[in-house]
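# Topology and contacts: notes
If you want the building blocks of each chain, they are given just below.
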Amino acid sequence: QVQLVESGGGLVQAGGSLRLSCAASGSIVSINRMGWYRQTPGREREVVATISRSGGTYSADSVKGRFIISRDNAKNTLYLQMNDLKPEDTAMYYCAASKKILPIMMEYWGQGTQVTVSS
């Protein structure tokens, strides 16, 4: 089993920055891809960015050029640097992980951290 705990969410004004962190514990040796997802009430959860164990990344078009995903395998921690935040970035942000290299769906999820961007 893998446990994921997010931190770093909060309230920020538009144009500001936040850095999310996700600490992984448990059977972390088996983790390949990790990622950040977000969800707002009434909408489906959407992918924000993912990263492979070797560092290859994917970012949604809506966050390209503003958000940067990274991971520190030695510290078992995933990060999401969010810059130039917009009100439409307001959501619950979830950390996720998979043992698969290219998973269709992540197997492990954190509880989420709220990000609120005021205009």
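The structure displayed is predicted, hence computed values, not measured ones.

## A few points about the nonpolar core
Leu4, Met34, Trp36, Leu80, Met82 and Tyr93 are the most contacted members of the largest nonpolar core, which totals 29 residues. Of all the secondary-structure elements, those providing two or more residues to this core are β1 (2-7), β3 (18-26), β4 (34-39), β5 (46-51), β7 (67-72), β8 (77-82), β9 (91-97) and β11 (113-118).

## Remarks on the layout of surface pockets
It is the rolling of a water-molecule-sized probe over the atoms that shows where space remains empty. A volume near 160 Å³ is recorded for the largest pocket. Arg33, Tyr37, Arg45, Val47, Thr50, Tyr58, Pro103, Ile104, Met105 and Met106 are the residues that line the largest pocket. Here the lining of the largest pocket is composed, by residue class, of seven nonpolar, one polar and two charged.

## Points about the sheet that holds β1
Spatial strand order, β1-β3-β8-β7: four strands in an open sheet with antiparallel pairing. Of all strands in the sheet, those bounded by a partner on one side alone are β1 and β7. Each neighbouring strand pair of the sheet contributes to a mean axis angle of 15°, computed without reference to strand direction. With six bridges connecting them, β3 and β8 associate as antiparallel partners. Counted as the bridge partner of Cys22 is Leu78 from β8.

Quick notes on the rules
- Residues numbered from 1 in each chain as written.
- Predicted model: local features only at pLDDT ≥ 70, side-chain atom pairs only at ≥ 80, totals over all residues.
- Heavy atoms only, no water.
- Core = buried A, V, L, I, M, F, W, Y, C linked by side-chain atoms within 4.5 Å.
- Buried < 20%, exposed > 50% of the residue type's maximum accessible area, 1.4 Å probe, protein only.
- Helix = DSSP H or I, 4+ residues; strand = E, 2+ residues; numbered from the N terminus.
- 1 Å grid on protein atoms, 1.4 Å probe; cavity = no way out; pocket = protein on both sides within 12 Å on 5 of 7 lines; lining within 4 Å.
- Points joined across faces, edges and corners; volume = space filled by probe spheres on them.
- Nonpolar A, V, L, I, M, F, W, Y, C, P; charged D, E, K, R; others polar.
- Pairing = 2+ DSSP bridges.
- Axes fitted to C-alpha atoms, helices over the stretch in contact; angles between N-to-C directions.

What is shown is where atoms sit, not what they do.
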